[in-house]
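A look at the structure
Next come the chains, spelled out residue by residue.
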Amino acid sequence: MADAVTTQNIIDGERNCVMKFTNVSDGTGESAVAKVDVSALASNAAGVACSEVRVLRISHAVVGMSVQLFLDATSNVLLAELAESSNGHMDFKDFGGLPNNAGSGKTGDILFTTKGHSSGDTYSITLEMVKVYSD
């Protein structure tokens, strides 16, 4: 069996992207699962594909486990860790958002890993992001 997970694209516009992710764990958990796949996001008006995102805000409600968010690269880089049984908002808008500084082999994607998960644990995470386009 596997955790029951959902991904909802709330906004996938020219500049902004908002996505909501949920998980109801059966105890299996998630390990470096691609949640934000930039290649699946809409291109801009000139037809240029999104190459990465900057995270403006993270809103979360986590029950019974913790969740790590990573920037995908040759060696994944920790973006944020959402503490066990916590809820809150992290706002990075004042300085333009958290950039993708993953370095070598970065894909632009964001991965989730759950820790300490057991059956019945849940999370609901909303990411507000700004798209970045490569030439």
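Below is a summary of the structure that appears in this document. (Residues numbered from 1 in each chain as written. Predicted model: local features only at pLDDT ≥ 70, side-chain atom pairs only at ≥ 80, totals over all residues. Heavy atoms only, no water.)

So, about the overall build of the protein. Tallying secondary structure elements over the protein gives zero helices and nine strands in all. For the protein, the N- to C-terminal ordering of α and β elements is β-β-β-β-β-β-β-β-β. In summary, the protein has a C-alpha radius of gyration of 15 Å against a globular reference of 14 Å for 135 residues, a match within 12%. Taking the principal axes of the C-alpha coordinates as reference, the protein spans close to 45 × 30 × 25 Å. (Helix = DSSP H or I, 4+ residues; strand = E, 2+ residues; numbered from the N terminus. Rg over C-alpha atoms; globule rule 2.2 N^0.38 Å.)

Turning to the nonpolar core, a few remarks are in order. Counting residues in each nonpolar core, the largest one holds 28 residues, and the members touching the most others are Val36, Ile58, Leu69, Ile110, Phe112, Leu127 and Met129. Those elements that provide at least two residues to this core are β2 (16-24), β4 (50-63), β5 (66-71), β6 (77-82), β8 (110-115) and β9 (122-133). With five residues, β4 is the largest single contributor of residues to this core. The contacts of Ile110, once residues within four sequence positions are left out, are Val33, Ala34, Lys35, Val36, Val53, Val55, Leu69, Phe70, Leu71, Leu79, Leu127 and Met129. (Core = buried A, V, L, I, M, F, W, Y, C linked by side-chain atoms within 4.5 Å. Buried < 20%, exposed > 50% of the residue type's maximum accessible area, 1.4 Å probe, protein only. Contact = heavy atoms within 4.5 Å.)

On to the sheet that holds strand β7 (residues 87-91). Judged by pairing direction, the sheet is antiparallel, and its five strands sit side by side in the order β1-β2-β9-β4-β7 without closing on themselves. Among the strands making up the open sheet, the edge pair consists of β1 (4-12) and β7. Strand-to-strand twist of the sheet, defined as the mean angle between neighbouring strand axes without regard to direction, takes the value 20°. Sheet analysis places β4 next to β7, joined by five bridges and oriented antiparallel. Of the residues in β7, the one forming a bridge with His60 is Gly88. (Pairing = 2+ DSSP bridges. Axes fitted to C-alpha atoms, helices over the stretch in contact; angles between N-to-C directions.)

Let us look at the environment of Phe95. With respect to the secondary-structure elements, Phe95 resides in the loop between β7 and β8. Sequence separation between Phe95 and Leu56 is 39 residues; the distance between their C-alpha atoms is 8.8 Å.

Considering all chains together, one arrives at seven salt bridges under this definition. In this structure, the salt-bridge partner of Lys131 is Asp12, at a minimum N-O distance of 2.4 Å. Here Asp12 lies in strand β1 and Lys131 lies in strand β9, a separation of 119 residues in the sequence. Note on Lys131: relative accessible area 5%, which makes it buried. When its relative accessible area of 27% is taken as the criterion, Asp12 is described as partly exposed. Between Asp91 and Arg57 there is a salt bridge whose closest N-O contact spans 3.0 Å. Taken together, the residues span a long stretch of sequence, with Asp91 in strand β7 and Arg57 in strand β4 at a distance of 34 residues. Note on Asp91: relative accessible area 44%, which makes it partly exposed. One connected set of salt bridges, linked through shared partners, spans Arg57, Asp91, Lys93 and Glu128. (Salt bridge = Lys/Arg side-chain N within 4 Å of Asp/Glu carboxyl O.)

What holds strands together in a sheet is hydrogen bonding between their backbones, with the strands either parallel or antiparallel. Reading across from one edge, β3-β8-β5-β6 is the order of the four strands in this open sheet, with antiparallel pairing throughout. Bordering the open sheet on either side are β3 (33-36) and β6, each of which pairs with just one other strand. Strand after strand, the sheet turns through a mean of 35° between neighbouring axes, direction not considered. The sheet contact formed by β3 and β8 spans three bridges and is antiparallel.

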